[in-house]
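One letter stands for each residue in the lines below.
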Amino acid sequence: MVRDTFTSAFIKNLIVVVIWFILSYINGAVVATFSRHRVFYEDPRYILFIHMVINDGIQLAITTTLFLLSYILYTINVSFCCFFILLAVFTTRNTPVNLASMAIERYIAICIPLRHAEICTVHRTYILIGLIWFISVAPDITDLFVTLATESLSFFHTSVFCLRHNVFKDPILAYKRQVFDILYFSFVFLTLVYTYLRVLFAARALSTERTSAERARNTILLHGAQLLMCMLSYISPSVEIVLRFLFPRNVSEIRFANYIIVYILPRFLSPIIYGVRDQKFRKYLRRYFVSDWCSAQSQRVKPGAETERKEGPGSSRAVPDIPDNRM
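Residues numbered from 1 in each chain as written. Predicted model: local features only at pLDDT ≥ 70, side-chain atom pairs only at ≥ 80, totals over all residues. Heavy atoms only, no water.

Brief notes about the overall build of the protein chain
If you tally the helices and strands in the protein chain, you get 11 helices and two strands. Secondary structure elements in the protein chain, listed N-terminal to C-terminal, are α-α-β-α-α-α-β-α-α-α-α-α-α. In the form shown here, the protein chain has an accessible surface area of approximately 18,700 Å², with 68% of it arising from carbon and sulfur atoms. (Helix = DSSP H or I, 4+ residues; strand = E, 2+ residues; numbered from the N terminus. Areas by Shrake-Rupley, 256 points an atom, 1.4 Å probe, with all protein chains shown as cover.)

Written as structure tokens, this is what we have:
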């Protein structure tokens, strides 16, 4: 594989690190807002949302680490590569299944409102999250077992450029991945289409709750857009092969564009769907940023205030009382 020049590598890594830092700060603010307010702990909708945000944060950290290691070390130990690849695959698979679960929850809230509290309980939500992880882990953990059975132990002490097909090399595994990809995304796509249409019809039929139904419909539509972006990770290998054939001198640029479009951009949507669009969560998220800004301002003012206190009541300057308006 052709290596980048130092300038090109530096610019690409800088872009990736800056994007990772921005997204990590946004996701951190969302998680902090959720954890500080118990009102979200009892709502399955926000529990599923924060699970997806944390999952996307892990996925982003893993893929960013692999991207940086591909430039810093170029090759890494196969055992470490297996760990990173599997964790990235698990978290990547989690996202579409989580999206389907959130769409079903919105469908129940709008179309079966009288049974929503009975069906969507906090306990069942945590069971659902466990099921999401099982569904995501079970098909791909077999890649490791097949590799352990077919490769010698010495293979796991060698170093490779950390790509999935360089570690899990059995051709059967590639066919198995294609089958599961089709099954996963067919199920999620049909779920989103069904829930969207049902909520759409409910929005037209309801008169009192039309605004709520329309918001739910738009949310599911955004889930669909996010799903389509997530699906790029499953067609990107084929697209990348075609692009490499058409532009053999731009292999590195193709890999970089593929990484940004497939693994970075879809992660921007998760905080937007609930963190910005949702009125309830936006109110508390705004308080988080205002609180941080006020804390920074108080830390900046504090040294001057301490100096004025030390001057005592006999000083020539009168210090007025300043009311504390912080929440």
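Focus: unusual backbone geometry
Located in the positive-phi region is Tyr-74, a residue other than glycine, with phi close to 70°. Along the polypeptide, Tyr-74 turns up in the loop between α2 (44-72) and β1 (76-77).

Comments concerning the state of the cysteines
Put plainly, a disulfide is one covalent bond tying together the sulfur atoms of two cysteines. Applying the stated criterion to the full structure yields one disulfide. Shown here is the disulfide that connects Cys-81 with Cys-162, its sulfur atoms set 2.0 Å apart. Taking the torsion about the S-S bond as the criterion, the Cys-81 to Cys-162 disulfide, at about 100°, is right-handed. A residue pair is termed long-range when its members are at least 10 positions apart, and Cys-81 in helix α3 (residues 78-111) and Cys-162 in the loop between β2 (159-160) and α6 (164-167) qualify at 81 residues. Since its relative accessible area comes to 16%, Cys-162 is described here as buried. (Disulfide = S-S within 2.5 Å. Buried < 20%, exposed > 50% of the residue type's maximum accessible area, 1.4 Å probe, protein only.)

Section: the pattern of salt bridges
Where charged atoms of side chains with opposite charge meet at close range, the side chains can pair. A complete count under the given rule lists nine salt bridges for this structure. Between Arg-93 and Asp-181 there is a salt bridge, and its shortest N-O distance comes to 2.9 Å. Remark: Asp-181 occurs in helix α7 (residues 171-205) and Arg-93 occurs in helix α3; sequence separation between them is 88 residues. Each member of the pair Arg-93 and Asp-181 is classed as buried. (Salt bridge = Lys/Arg side-chain N within 4 Å of Asp/Glu carboxyl O.)

Digging into the packing of α2 against helix α9 (residues 251-264)
Contact geometry for α2 and α9: axes closest at 11 Å, N-to-C directions at 170°. Put simply, α2 runs roughly antiparallel to α9. From α2, Gln-59, Leu-60, Thr-63, Thr-64, Phe-67, Ser-70 and Tyr-71 reach across to α9, where they touch Ser-252, Arg-255, Phe-256, Tyr-259, Tyr-263 and Ile-264. The class makeup of the residues in the contact of α2 with α9 is seven nonpolar, five polar and one charged. (Axes fitted to C-alpha atoms, helices over the stretch in contact; angles between N-to-C directions. Parallel < 35°, antiparallel > 145°, perpendicular 65-115°, else oblique. Contact = heavy atoms within 4.5 Å. Nonpolar A, V, L, I, M, F, W, Y, C, P; charged D, E, K, R; others polar.)

Focus on the nonpolar core
Core analysis: the biggest nonpolar cluster contains 30 residues, and Val-30, Phe-34, Phe-40, Phe-49, Leu-192, Leu-227 and Phe-281 have the highest contact counts within it. Of all the secondary-structure elements, those providing two or more residues to this core are α1 (6-36), α2, α3, α5 (122-150), α7, α8 (210-246) and α11 (279-310). For this core, the element with the highest residue contribution is α2, accounting for seven residues. Within the second largest apolar cluster, 19 residues are counted, among which are Ile-62, Leu-66, Phe-84 and Phe-155. (Core = buried A, V, L, I, M, F, W, Y, C linked by side-chain atoms within 4.5 Å.)

Focus: the packing of aromatic side chains
Tallying each qualifying case throughout the model produces 15 aromatic pairs. On the basis of an interplanar angle of 45° and a centroid distance of 4.9 Å, the ring pair of Phe-40 and Phe-281 is categorised as tilted. Of this pair, Phe-40 sits in the loop between α1 and α2 while Phe-281 sits in helix α11, and the two are 241 residues apart along the sequence. Take Phe-40 and Phe-281: they sit in the same class, and that class is buried. Here a set of aromatic residues connected by ring pairs shows up, and it is made of Phe-34, Phe-40, Tyr-41, Tyr-46, Phe-49 and Phe-281. The aromatic ring of Tyr-184 is capped on one face by Arg-93, whose charged end is 4.6 Å from the ring centroid. (Phe/Tyr/Trp six-rings, centres within 6.5 Å; stacked < 30°, edge-to-face > 60°. Lys NZ or Arg CZ within 6 Å of the ring centre and 35° of its normal.)

Quick look at the side chain of Asp-140
Inspection of the secondary structure puts Asp-140 in helix α5. The contact partners of Asp-140, leaving out residues within four places of it in the chain, are Leu-86, Val-89, Phe-90, Arg-93, Arg-164, Lys-176 and Arg-177.

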